[in-house]
Amino acid sequence: MSAERILYPCYFDATLERREGRRVAKNFGVKSPELPAIEAILRKMKVPHRVEEHHHPARWAEHEGRIVVEWEGSKEDLIRKVASGLAGRK
């Protein structure tokens, strides 16, 4: 049985403040991260996931979507791995 972790693009957006939903340090974030880029990194990591049309609670007016990931480790570890993949794509 695997645990599901939810990732929103705003977690990786260097232009946002922490209170606006950013979960990574600004130097690990990217400007305007997009769902397809995050999905590509998860595919490369061979991690099962699915895309959903939901919004982050703090950004309810933005309909950026989210990704539900099957991940046994901590959510912070997953966020760090995806952020390093996004930073490598700059």
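Coordinates for the structure precede this section.
To keep things clear, this report deals only with the structure shown in the data block.

Conventions and cut-offs
Residues numbered from 1 in each chain as written. Predicted model: local features only at pLDDT ≥ 70, side-chain atom pairs only at ≥ 80, totals over all residues. Heavy atoms only, no water. Axes fitted to C-alpha atoms, helices over the stretch in contact; angles between N-to-C directions. Helix = DSSP H or I, 4+ residues; strand = E, 2+ residues; numbered from the N terminus. Parallel < 35°, antiparallel > 145°, perpendicular 65-115°, else oblique. Contact = heavy atoms within 4.5 Å. Nonpolar A, V, L, I, M, F, W, Y, C, P; charged D, E, K, R; others polar. Salt bridge = Lys/Arg side-chain N within 4 Å of Asp/Glu carboxyl O. Buried < 20%, exposed > 50% of the residue type's maximum accessible area, 1.4 Å probe, protein only. Polar contact = N/O pair within 3.5 Å; in protein donor to acceptor, adjacent residues only side chain to side chain.

This next bit is on the packing of helix α1 (residues 35-44) against helix α2 (residues 75-88). To characterise two packed helices, one gives the angle between the axes of the helices and the distance between these axes. As a packed pair, α1 and α2 sit with axes 10 Å apart at the nearest point and diverge in direction by 110°. On the basis of the axis angle, α1 is roughly perpendicular to α2. Across from Ala 37, Ile 38, Ile 41 and Leu 42 in α1, the residues of α2 making contact are Leu 78, Val 82, Gly 85 and Leu 86. The class makeup of the residues in the contact of α1 with α2 is seven nonpolar, one polar and no charged.

Side chains that carry opposite charge are capable of pairing whenever their charged atoms lie near each other. Counting across every chain of the model gives seven salt bridges. When the shortest N-O distance is used, the salt bridge between Arg 43 and Glu 39 registers 3.6 Å. Linking Arg 43 with Glu 39, this pair stays in helix α1, spanning four residues, or about one helical turn. Look at Glu 39 and you get partly exposed, because its relative accessible area is 23%. Because the salt bridges share partners, they merge into one network encompassing Glu 4, Arg 50, Glu 52 and Arg 66.

This part covers the side chain of Glu 52. Topologically, Glu 52 is positioned in strand β2 (residues 49-52). One polar contact links Glu 52 to Arg 50, side chain to side chain, over a distance of 3.1 Å. Here the side chain of Glu 52 touches Arg 66 through a polar contact of 2.7 Å, side chain to side chain. If we ignore the near neighbours within four places in the chain, the residues touching Glu 52 are Gly 65, Arg 66 and Val 68.

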